[in-house]
Amino acid sequence: QVQLVESGGGLVQAGGSLRLSCAASGSIFSVNAMAWYRQAPEKQRKLVATITSGGLTNSADSVKGRFTISRDIPKNTVYLQMTSLTPEDTAVYYCYAQVRPGIGAPLYNYWGQGTQVTVSS
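First things first, this report covers the structure right here in the doc. Starting afresh in each chain, residues are numbered from 1 along the sequence in its written order. With the structure being a predicted model, the display of local features is reserved for residues of pLDDT at least 70 and the display and counting of side-chain atom pairs for 80 or more, all residues being used for whole-chain, interface and lining totals. Based on all heavy atoms of the structure, the side-chain values leave hydrogens and waters out of the count.

1. Let's talk about unusual backbone geometry
Then step 1. One non-glycine residue with positive phi stands out, namely E42, at about 65°.
Then step 2. Structurally, E42 is set in the loop between β4 (30-39) and β5 (46-51).
Then step 3. Taking the relative accessible area as the measure of exposure, E42 reaches 86% and is therefore exposed.
Then step 4. Phi is positive for N76, which is not a glycine, with a value near 50°.
Then step 5. For the purposes of this entry, the term helix denotes a DSSP run of H or I that reaches at least four residues, the term strand denotes a run of E that reaches at least two, and both are numbered from the N terminus. Within the secondary structure layout, N76 lies in the loop between β7 (67-72) and β8 (77-82). Type-normalised accessible area, obtained with a 1.4 Å probe on protein chains alone, sets the label of each residue: buried when under 20%, exposed when over 50%, and partly exposed for intermediate values.

Here it is, written out as structure tokens:
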């Protein structure tokens, strides 16, 4: 079994910054892609940013230039540095990881429990 544990959410004023962390632990041989998603109240979950095992990144247009995704491969941890936050960034942020639990095993998708980010105006 694999667990993703997120941290770093909270309440911040508009224009402020937050850094989210997500650590994967458990039966892990390797971690492929990792990502952050977010879900605002009464809206669908949306992709925020992704990062491959090789370090290639991609992000939603709404956060380009403000959010940066990075990862620490030995620690199986992904980060999301968020700057210039606006109230529209308010959401529950979820960590996602593709994990291979053993040699030759298929990839499985895992989600964190979510961490609340609230940006006040």
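Now that the structure is up, let's keep going.
2. Notes on the environment of T57
Then step 1. Its location among the elements puts T57 in strand β6 (residues 57-59).
Then step 2. For the pair T57 and K43, spaced 14 residues apart in sequence, the C-alpha separation works out to 25 Å.
Then step 3. Here a residue-residue contact requires only that any non-hydrogen atoms of the pair lie within 4.5 Å. Aside from chain neighbours lying at most four places away, what touches T57 is T50, I51 and I69.

3. A word on the state of the cysteines
Then step 1. Only a pair of cysteine sulfur atoms within 2.5 Å counts as a disulfide in this structure description. Evaluation of the coordinates by the stated rule reveals 1 disulfide.
Then step 2. Here C22 is linked by a disulfide to C95, with a sulfur-sulfur distance of 2.1 Å. Because the sign of the S-S torsion sets the handedness, a value of about -80° for the bond joining C22 and C95 places this disulfide among the left-handed ones. One end of the pair, C22, is in strand β3 (residues 18-26); the other, C95, is in strand β9 (residues 91-100), and 73 residues separate them in sequence. Assigned by exposure class, C22 and C95 land together as buried.

4. Describing the pattern of salt bridges
Then step 1. In the sections that follow, a salt bridge refers to a side-chain nitrogen of Lys or Arg positioned within 4 Å of a carboxyl oxygen of Asp or Glu. One pass over the structure, following the stated rule, counts 3 salt bridges.
Then step 2. Its salt-bridge partner being K64, residue D61 comes within 3.5 Å of it at the nearest N-O pair.
Then step 3. You can call D61 exposed: its relative accessible area is 65%.
Then step 4. You can call K64 partly exposed: its relative accessible area is 45%.

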